[in-house]
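Spelled out, the chains give:
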Amino acid sequence: WRNGAIHRWRLKDLAPLKSHTGYPYEGWGLTTMGDALVASDGSSNLRVLDPESFAVRRTIPVTYSGKPLTMLNELETVDGLIFANVWMTGFVVGIDPATGTVRRVIDLRDLPKPANAERDAVLNGIAWDEKARRLFVTGKLWDRLYEIELIKRQEPDPVR
C-alpha cells in the first residue's frame, strides 16, 4: 500500500499477469466504476484512474456537510455510489461520484468486534454482490464476515 506498485492477477486462478510501479499515491482502496478504477489514499480525494495506464483521469474531492472527509479506505461501487469505510470509525459512507458529496452514512459501530479487539481490529472490508444484491462487510483481524441489509431511515414527519 506504500510502495507504489499495482499488481494485476487473472481472476480464474489468481495467477500474476503484470505489475506497474511508480504509482505516486498510497493504496488504501480500489473499486471499478464503469470503464475506470477509483482509488483512495487516505485523503479526502478519490482518484479516477485509467485501468491500463493508471493515469489519473480526474479527482473527486469528497465532502460531508460541506467539509473534506479524510481517512477514506476500502472502496466498493454500489448502485451508482462509491462506498468507503472511514478508517478507525465504524462508518461506511456512500459518495456521489459526480460531486464527491456524501449521500449515505451507514453506522456499523454496533457490529460485534473480535475477541482480540486490538486497536487495528477495525471495520475494513466491503463487498457488493450485484447479482444477488447482497452487501458484505468485515474488518481487519476480524474472524467474521457479515451480510447486512441497508434500510432507509424514515425521517420524522415535520407536520406532527
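See the structure printed just above.
Undergrad: Can you lay out the overall build of the protein chain for me, pointing to particular residues and giving the numbers?
TA: Helices and strands together make up the secondary structure of the protein chain, namely zero helices and 15 strands. Since a compact globule built from 160 residues should have a radius of gyration of about 15 Å, the 17 Å found for the protein chain is in line with a globular shape. Dimensions of the protein chain along its principal axes, counting C-alpha atoms only, are 60 × 40 × 35 Å. Counting over 160 residues, the protein chain shows a buried share of 39%. Contacts spanning at least 24 positions in sequence make up 37% of the contacts within the protein chain whose residues lie at least 6 apart. Entry remark: accessible area of the protein chain is about 10300 Å², with carbon and sulfur atoms responsible for 52%. Between the averaged position of the 22 positive side-chain charges in the protein chain and that of its 21 negative side-chain charges there is a distance of 2 Å.

Undergrad: Hey, could you go over the pairing of strand β13 (residues 123-129) for me, with residue numbers and the actual values?
TA: In this structure, β13 lies alongside strand β14 (residues 134-139), joined through six bridges in antiparallel fashion. The partner of D129 across the bridge, within β14, is R134. Hairpin geometry of β13 and β14 is characterised by an intervening segment of four residues between the two adjacent antiparallel strands and by a positive phi of about 55° at R133.

Undergrad: Describe the sheet that holds strand β6 (residues 56-61), naming the residues involved and giving the relevant values.
TA: One open sheet holds the four strands; their spatial order is β3-β4-β5-β6, and the pairing between them is antiparallel. The sheet is open, and its two borders are formed by β3 (29-33) and β6, each paired with just one other strand. Pairs of neighbouring strands in the sheet enclose a mean axial angle of 25°, with direction left out of account. For β3 and strand β4 (residues 36-40), the ladder comprises five bridges, and the chain directions are antiparallel. Among the inter-strand pairings, L30 is bridged to a residue of β4, identified as A39.

Undergrad: Go over the layout of surface pockets with me, naming the residues and quoting the values.
TA: As a volume, the largest pocket reaches approximately 630 Å³. Surrounding the largest pocket, 23 residues form its lining, A5, I6, H7, W9 and L30 being those nearest its centre. Taken together, the elements giving at least two residues each to the lining of the largest pocket come down to β1 (5-9), β3 and β4. Of all the elements, β1 adds the most residues to the lining of the largest pocket, at five residues. Classifying every residue of the lining of the largest pocket by side-chain character gives 13 nonpolar, seven polar and three charged.

Undergrad: Could you give an account of the sheet that holds β14, naming the residues involved and the relevant values?
TA: Ordered in space as β13-β14-β15, the three strands form an open sheet in which the pairing is antiparallel. Pairing within the sheet leaves two strands with one partner each, and these edge strands are β13 and β15 (146-148). Strand-to-strand, the axes of this sheet are offset by a mean angle of 30°, without reference to chain direction.

Undergrad: So what's going on with unusual backbone geometry? Which residues, and what values?
TA: Negative phi values dominate among residues other than glycine, just as trans dominates among peptide bonds. Of note, M88 is a non-glycine position whose phi angle comes to about 70°, a positive value. Tracing the backbone through its elements, the reader meets M88 in the loop between β10 (81-86) and β11 (91-95). Unlike most non-glycine residues, L141 shows phi in positive territory, near 70°. Mapping L141 onto the fold places it in the loop between β14 and β15. The class of L141 is partly exposed, set by a relative accessible area of 45%.

Undergrad: So what's going on with the packing of aromatic side chains? Residues and values would help.
TA: The tally for this structure, following the rule as stated, stands at three aromatic pairs. For the pair W28 and W87, a centre-to-centre distance of 6.5 Å together with 75° between the ring planes defines the contact as edge-to-face. Residue W28 is located in the loop between β2 (16-21) and β3, and its partner W87 is located in the loop between β10 and β11; the two are separated by 59 residues in the primary sequence. You can call W87 buried: its relative accessible area is 18%. Looking at R47, its charged tip hangs above the ring of Y25, at a distance of 3.6 Å from the centre.

Reading the values: the criteria
Residues numbered from 1 in each chain as written. Predicted model: local features only at pLDDT ≥ 70, side-chain atom pairs only at ≥ 80, totals over all residues. Heavy atoms only, no water. Helix = DSSP H or I, 4+ residues; strand = E, 2+ residues; numbered from the N terminus. Rg over C-alpha atoms; globule rule 2.2 N^0.38 Å. Buried < 20%, exposed > 50% of the residue type's maximum accessible area, 1.4 Å probe, protein only. Contact = heavy atoms within 4.5 Å. Areas by Shrake-Rupley, 256 points an atom, 1.4 Å probe, with all protein chains shown as cover. Lys, Arg positive; Asp, Glu negative; His and termini not counted. Charge placed at Lys NZ, Arg CZ, Asp CG, Glu CD. Pairing = 2+ DSSP bridges. Axes fitted to C-alpha atoms, helices over the stretch in contact; angles between N-to-C directions. 1 Å grid on protein atoms, 1.4 Å probe; cavity = no way out; pocket = protein on both sides within 12 Å on 5 of 7 lines; lining within 4 Å. Points joined across faces, edges and corners; volume = space filled by probe spheres on them. Nonpolar A, V, L, I, M, F, W, Y, C, P; charged D, E, K, R; others polar. Phe/Tyr/Trp six-rings, centres within 6.5 Å; stacked < 30°, edge-to-face > 60°. Lys NZ or Arg CZ within 6 Å of the ring centre and 35° of its normal.

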